[in-house]
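# Examining the three-dimensional arrangement
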Amino acid sequence: MTVSVVTGASTGIGFAIALRLAREGHQVHASVGSKPRGQDLVEAADGHDLSLVIMDVDDDDSVAAGIGGVLEATGGIDVLVNNAGMTKGHDIESTSVATFQQVMNTNAWGTLRGIHAVLPSMRERGSGHILNVTSVAGRLAVAGQGAYAMSKWAAEALTEVLAAEMAPFGVKVTAIEPGVILTPIFEKAVQDPDDPDSPYIGGRRIGEWFMYSLVDDPAPPDRVADVVWEALTASEPRLRYLVGDDAARFEPYRRTITDEEWI
């Protein structure tokens, strides 16, 4: 039985990944902020081997206790999917340090906390797979996404370094890089619109127009779950997997132009 932990599983991408792994026969431990927030996932699992772990990825002790409890109950974790994430903030000038810290704490430090919790046992066993759900925004930066892009670039760097460090120990490490996915994270972003009087609003709107002009049909969360499964079942998984037609077009396009042209 493959034991898997998926963080941020109450909605969106994490929900889809946890459900897919459970349906594929994994014993899934899905992290959520509270039991009521995970009830829809339990019902959707419909008897498959899925249980909830009440855990706050922003808190050291909570992650250590949550994942520690899974390790104690199962004897070992085979797969960790660090999915929990958030987006917040506007242009850099108007985005407070506190907001940057909040986004970094979830998207980068939350990922690191999960890694710290599973790494010793995976290294000692000589097996395991850590998948960090980053973003195409971790490969390129768009005006108005300072806090989010910063956190995802950090998660990308963390993933690449970890892959190099774990290679001698047989632990696989992968970055899953979605483009625009239809999830509640974007609904929350819409609820915090830019100030129309901001001096940066023009640049932000140009960046958004360019990004969304590439998106004919935003991918559903299930597309990310498909790619996670592809990485898990590959004999030699790649370090990075782009998800979505927009990401597949956007990231290669960025590499065809100079930094100055991009700016």
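Please read all numbers here as calculations on a predicted model, not as lab measurements.

What follows deals with the sheet that holds strand E6 (residues 172–178). A sheet is described by the order of its strands in space; here seven strands give the open sequence E3-E2-E1-E4-E5-E6-E7, paired in parallel fashion. Because the sheet does not close on itself, it has two edges, and the strands there are strand E3 (50–54) and strand E7 (240–243). Ignoring strand direction, the axes of neighbouring strands in this sheet form an average angle of 20°. Bridge analysis of strand E5 (residues 129–133) against E6 gives five bridges, and the strand direction is parallel. From the neighbouring strand, Val 133 faces E6, where its bridge partner is Ile 176. The strands that helix H1 (residues 12–23) touches are strand E1 (3–6), strand E2 (27–32), E3, strand E4 (79–82), E5 and E6; relative to E1, the one it contacts most, it runs at about 170°.

A complete count under the given rule lists 11 salt bridges for this structure. Linking Arg 20 and Asp 226 is a salt bridge whose minimum nitrogen-to-oxygen distance equals 2.5 Å. Here Arg 20 is found in helix H1, whereas its partner Asp 226 is found in helix H8 (residues 221–233), with 206 residues between them in sequence. Judged by its relative accessible area of 22%, Arg 20 is partly exposed.

Of all six residues in E2, six are buried, a share of seventy percent or more. Of the two faces of E2, the one holding Gln 27, His 29 and Ser 31 and the one holding Val 28, Ala 30 and Val 32 are both buried throughout. Both E1 and E2 contribute to a ladder of four bridges, which runs parallel. Looking at the pairing, Ser 4 lines up with Val 28 of E2. On the question of chirality, the crossover connecting E1 to the parallel E2 by way of H1 is right-handed. Sheet topology note: the E2/E3 ladder contains five bridges and is parallel. Bridge assignment links Val 32 to a residue of E3, and that residue is Ile 54.

Taking 1.5 Å of rise per residue, 21 residues should cover 30 Å, and helix H5 (residues 146–166) covers 30 Å from first to last C-alpha, within 8% of that figure. Listed in full, the buried residues belonging to H5 are Gly 146, Ala 147, Tyr 148, Ala 149, Ser 151, Lys 152, Ala 155, Glu 156, Thr 159, Leu 162, Ala 163 and Met 166.

A few words on unusual backbone geometry. The backbone of Asp 46 shows a phi angle near 50°, a positive value even though the residue is not glycine. In this fold, Asp 46 is placed in the loop between helix H2 (39–45) and E3.

Here we come to H1. Under the 1.5 Å per step criterion, the end-to-end length of H1 is 17 Å for 12 residues, consistent within 8% with the ideal 16 Å. Where burial is concerned, most of H1 is hidden: 10 out of the 12 residues are buried. Of all the residues in H1, the buried ones are Gly 12, Ile 13, Gly 14, Phe 15, Ala 16, Ile 17, Ala 18, Leu 19, Leu 21 and Ala 22.

General note: in soluble globular proteins, nonpolar side chains tend to be found buried as a group. Ranked by internal contacts, the top residues of the largest apolar core, which has 31 residues, are Ile 17 and Ile 176. Of all the secondary structure elements, the ones that give two or more residues to this core are H1, E2, H2, E4, E5, H8 and E7. In terms of residues, this core owes the most to one element, H1, which gives eight residues. For Ile 17, the residues in contact, after removing those within four places along its chain, are Val 6, Val 81, Val 133, Val 224, Ala 225 and Val 228. Grouped together as the second largest cluster of nonpolar side chains are 23 residues, Val 5, Val 57, Leu 71 and Val 171 included.

How each quantity is defined
- Residues numbered from 1 in each chain as written.
- Predicted model: local features only at pLDDT ≥ 70, side-chain atom pairs only at ≥ 80, totals over all residues.
- Heavy atoms only, no water.
- Pairing = 2+ DSSP bridges.
- Helix = DSSP H or I, 4+ residues; strand = E, 2+ residues; numbered from the N terminus.
- Axes fitted to C-alpha atoms, helices over the stretch in contact; angles between N-to-C directions.
- Contact = heavy atoms within 4.5 Å.
- Salt bridge = Lys/Arg side-chain N within 4 Å of Asp/Glu carboxyl O.
- Buried < 20%, exposed > 50% of the residue type's maximum accessible area, 1.4 Å probe, protein only.
- Right-handed = clockwise from strand over helix to strand, strands pointing away.
- Expected span 1.5 Å × (residues − 1).
- Core = buried A, V, L, I, M, F, W, Y, C linked by side-chain atoms within 4.5 Å.

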